[in-house]
Amino acid sequence: MRDSGCTTFIVHARNAILGKLSPRDNRRIPPLKYDYVYRLQNDFPDLIFILNGGLDSFDLISKEMQQNRGVMIGRAAYNNPYILSEIEHKWFGEPLKSRYTVASQMEDYASVQVTKGVRMSSITKCMLGLFKSQPNAKQWRQILSDHSKLTKLGPAAISYALSKLEQVNNSS
Ligand SMILES: Cc1cc2nc3c(=O)[nH]c(=O)nc-3n(C[C@H](O)[C@H](O)[C@H](O)COP(=O)(O)O)c2cc1C
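Residues numbered from 1 in each chain as written. Predicted model: local features only at pLDDT ≥ 70, side-chain atom pairs only at ≥ 80, totals over all residues. Heavy atoms only, no water.

(A) Looking closely at the overall build of the protein chain. Regarding its fold elements, the protein chain presents 10 helices and three strands. For the protein chain, the succession of helices and strands along the chain, N to C, is β-α-α-β-α-β-α-α-α-α-α-α-α. The C-alpha radius of gyration of the protein chain comes to 20 Å, more than 25% above the 16 Å expected for a compact globule of 172 residues. C-alpha extents for the protein chain along the principal axes are approximately 55 × 40 × 30 Å. The long-range share in the protein chain, meaning contacts at least 24 apart out of those at least 6 apart in sequence, stands at 47%. (Helix = DSSP H or I, 4+ residues; strand = E, 2+ residues; numbered from the N terminus. Rg over C-alpha atoms; globule rule 2.2 N^0.38 Å. Contact = heavy atoms within 4.5 Å.)

(B) The arrangement of the packing of aromatic side chains in detail. Here the structure, examined in full by the defined rule, presents four aromatic pairs. Residues F9 and F49 carry aromatic rings whose centres are separated by 5.4 Å and whose planes lie at 20 degrees to one another, so their mutual orientation is stacked. Note that F9 is positioned in strand 1 (residues 8-12) and F49 in strand 2 (residues 48-52), a separation of 40 residues in sequence. Assessed through its relative accessible area of 5%, F49 is described here as buried. Taking the centre distance of 6.5 Å and the plane angle of 45 degrees together, the rings of F44 and F49 count as tilted. One aromatic cluster is present, built from ring pairs that chain together F9, F44 and F49. In this arrangement the basic side chain of R39 is found over the ring face of Y36, its NZ or CZ atom lying 5.5 Å from the centre. (Phe/Tyr/Trp six-rings, centres within 6.5 Å; stacked < 30°, edge-to-face > 60°. Buried < 20%, exposed > 50% of the residue type's maximum accessible area, 1.4 Å probe, protein only. Lys NZ or Arg CZ within 6 Å of the ring centre and 35° of its normal.)

(C) Fine view of helix 5 (residues 83-90). Buried within helix 5 we find I83, S85 and I87. Where helix 5 is buried, its residues meet helix 3 (58-67), helix 4 (75-79) and helix 6 (99-115).

(D) Looking closely at the pattern of salt bridges. Counted according to the given criterion, the structure contains six salt bridges. Linking D46 and R2 is a salt bridge whose minimum nitrogen-to-oxygen distance equals 3.8 Å. On the criterion of sequence distance, the pair formed by D46 in the loop between helix 2 (34-43) and strand 2 and R2 in the segment before strand 1 is long-range, its members being 44 residues apart. Under the relative-accessibility criterion, R2 is labelled partly exposed at 40%. When the shortest N-O distance is used, the salt bridge between K97 and E88 registers 3.7 Å. Looking at K97, the relative accessible area reads 26%, which means it is partly exposed. (Salt bridge = Lys/Arg side-chain N within 4 Å of Asp/Glu carboxyl O.)

(E) Highlighting the environment of N15. Structurally, N15 can be placed in the loop between strand 1 and helix 1 (23-26). On the accessibility criterion, N15 (43% relative accessible area) is partly exposed. Measuring from C-alpha to C-alpha, the distance between N15 and P95 comes to 38 Å, with 80 residues separating the pair along the chain. The residues touching N15, leaving out its near neighbours within four places in the chain, are N26, P30 and K33.

(F) Structural view of the site of the ligand. What surrounds the ligand is the set H12, R27, N52, G53, G54, M72, I73, G74, R75 and Y78. Between G54 and the ligand, the recorded distance is 2.7 Å, taken from a backbone N or O atom to an oxygen atom. One of the backbone nitrogen or oxygen atoms of G74 is found 2.8 Å away from an oxygen atom of the ligand. Coverage of the ligand by the protein chains reaches 54% of its 610 Å² of free accessible surface. (Near = heavy atom within 4 Å. Polar contact = N/O pair within 3.5 Å; in protein donor to acceptor, adjacent residues only side chain to side chain. Areas by Shrake-Rupley, 256 points an atom, 1.4 Å probe, with all protein chains shown as cover.)

(G) Up close: the side chain of R99. Examined against the element boundaries, R99 turns out to sit in helix 6. The side chain of R99 is buried and forms no salt bridge, while E86, the nearest opposite charge, is found at 7.5 Å. A polar contact of 3.0 Å, which involves the side chain of R99, links it to the backbone oxygen of L130. When residues no more than four places from it in sequence are discounted, the contact partners of R99 are Y82, L130, F131, K132 and Q134. (Lys, Arg positive; Asp, Glu negative; His and termini not counted.)

Right, here's the structure in full:
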């Protein structure tokens, strides 16, 4: 692969047991082998190896950033997208954005994207976990996965969902 010109490799650091485990289970069950990635980087210092697999907290990401030239985050960014704000703040020194600010910025983003033909559900499905572990996370998910609401309201479905959160938070 190096001889063909590839210089950066993203390694999901576990064996896949093909034929026995589903792709989903293959991302969960076989043990992670981060040391293989460290060794690859050591053996091929002219190439760049990026560690992927199982990085689900800022502390773990930060620890692996000390030992690797980079990391890739998959499910954590999808299931708990607010981790990206935490990384932006703690790793890159940017001001910490609230979940509400992130959601409002996503509404602005969605307003542009829908004019290009992107479906609202394609945007909101990556935001369903934004309020994970917060009060009313379920209600947030319900509104933003309700196709009739998304069709009727378009990008405004996001501020509608936020207003519902505020109402419940104020009354509880
Ligand atoms: C929403 C989502 C979509 C993904 N799509 C692909 C894909 O199209 N092709 C692929 O090889 N891996 C795909 N993956 C797997 C990731 O590339 C990654 O290797 C995997 O999730 C393991 O990293 P993680 O433990 O940080 O999740 C996807 C993962 C997620 C969460």
